Amino acid sequence: MAAGEAGSAVLGRAADKLFSLSGLFAVYKPKGPTSAGVLNLLKERLLAEAGVQTNGNNRNQVLKIGHGGTLDSAAAGVLVVGIGKGTKMLRTMLAGSKKYTAIGLLGKATDTLDATGKVTEEKPYDQITKGDLENVLQKFTGDIMQVPPLYSALKKDGERLSTLVKRGEAVEAKPARPVRVYSLSLRQFQPPLFTLDVECGGGFYVRSLVSDIGKELSTCATMQELTRTKHGPFTLEEHTLYEDKWTIDEIARSLEHCMSLLPGEPSRKKLKTAHPGETAVSCE
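Calculation rules
Residues numbered from 1 in each chain as written. Predicted model: local features only at pLDDT ≥ 70, side-chain atom pairs only at ≥ 80, totals over all residues. Heavy atoms only, no water. Helix = DSSP H or I, 4+ residues; strand = E, 2+ residues; numbered from the N terminus. Buried < 20%, exposed > 50% of the residue type's maximum accessible area, 1.4 Å probe, protein only. Areas by Shrake-Rupley, 256 points an atom, 1.4 Å probe, with all protein chains shown as cover. Pairing = 2+ DSSP bridges. Salt bridge = Lys/Arg side-chain N within 4 Å of Asp/Glu carboxyl O. Expected span 1.5 Å × (residues − 1). Arc of directions from axis to C-beta.

Caption draft 1: Spotlight on the overall build of the chain. Looking only at helices and strands, the chain features eight helices and 14 strands. In the chain, which comprises 284 residues, the share counted as buried stands at 44%. Total accessible area on the chain is roughly 14,200 Å²; 50% of this is exposed by carbon and sulfur atoms.

Next up, the structure:
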């Protein structure tokens, strides 16, 4: 077999393996890019490794892949990815529990409720003690009502609220909605900074939590850093693939391990991929 033919055969096997992948796994989303941007980079890496030619938007039609819940650009951590028929399982991930570590800053509020926004208010915080903060956390545990931030992926008339706000349009805050906080604890308190560990259900905004905590303490607060440490059964330490592991073989190994974590899904490991012509699904 000529060298060129051998190379084509290797690429053919890689492409076959890529399109046979099916299930859920987790990747690390760094601070900076959007969740969609990370997913696009992952797709490009895999298609390039498999030698699949892509032209513009056609890449979305050759690999069925999506993610199970947006992380803000400024946040880092676990991003659950579905590939093949695994994309149909992503919606269940949206409602599943998630764990975060968040760093809040007392004494300042911003329009985005995080460090990327413009400062809108400053208040003294010297009077606040560690005990004050721990006592306030109890009010935000369990089933609570929360107003989502204006700068969010929530939509009005088909457009994200954040897009409308940035365009200068008047946007009314969404009404408070029920959310669930399974656990909330103070990891560290070094005024003006405080670090929280949060486990919550779907639809919860940690930025709103930090802001609401500031108001409850008669000051203001904004989120400085956010890391998702767990999403469903997938943890940052054990299951998350960093960018240097974004290869077909590594993902195949990860799928085998991760799919065994899902209750009642033992047969999912052997699922065949959907037809390559199907459009990619991205759940946000």
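That covers the picture; the talk isn't over yet.
Caption draft 2: The pairing of strand S4 (residues 98-106), seen in detail. Most of S4 sits out of view: seven of its nine residues are buried. Note: S4 against strand S11 (residues 193-200), eight bridges, orientation antiparallel. Of the residues in S11, the one forming a bridge with tyrosine 100 is valine 198. Inspection of the sheet shows S4 paired to strand S12 (residues 221-231) by nine bridges, in the antiparallel sense. Along S12, the bridge assignment pairs lysine 99 with lysine 230.

Caption draft 3: Quick look at the pattern of salt bridges. Within this structure, the stated rule accounts for nine salt bridges. One salt bridge in this structure joins glutamate 250 and lysine 245, with 3.8 Å as the shortest N-O distance. You can call lysine 245 partly exposed: its relative accessible area is 36%. Glutamate 250 is the partner of arginine 253 in a salt bridge, and the nearest nitrogen-oxygen pair spans 3.3 Å.

Caption draft 4: Expanded view of helix H8 (residues 248-259). Helix length check: H8, at 12 residues, gives a terminal C-alpha distance of 16 Å against a target of 16 Å (1.5 Å per residue), a fit within 8%. Among the residues of H8, Ile248, Ile251, Ala252, Ser254, Leu255, Cys258 and Met259 are the ones counted as buried. Summarising the axial view, the buried residues of H8 lie within an arc of 165 degrees, below the 170-degree limit, and thus occupy one face. Opposite its buried face, H8 presents the exposed residues Arg253 and Glu256, each directed more than 90 degrees away.

Caption draft 5: Structural detail: helix H2 (residues 35-49). Taking 1.5 Å per residue, 15 residues should reach 21 Å; H2 reaches 21 Å between its end C-alpha atoms and fits that length. Every buried residue of H2 is accounted for by Ser35, Val38, Leu39, Leu42, Lys43, Leu46 and Leu47. End-on view of H2: buried residues confined to an arc of 165 degrees, all on one side of the axis. Looking one or two residues past H2, glycine 51 carries a phi angle of roughly 70 degrees, positive in sign.

Caption draft 6: Just unusual backbone geometry, in detail. A cis amide bond links proline 191 with the next residue in sequence, proline 192, at an omega value of 10 degrees. Positionally, proline 192 belongs in the loop between strand S10 (177-190) and S11. For leucine 113, which is not a glycine, the phi torsion comes out positive at approximately 70 degrees. Examined against the element boundaries, leucine 113 turns out to sit in the loop between strand S5 (108-110) and strand S6 (119-122). Even without a glycine there, the phi angle at serine 218 is positive, about 60 degrees. Tracing the backbone shows serine 218 in the loop between helix H6 (206-216) and S12. The exposed category is assigned to serine 218, whose relative accessible area is 58%.

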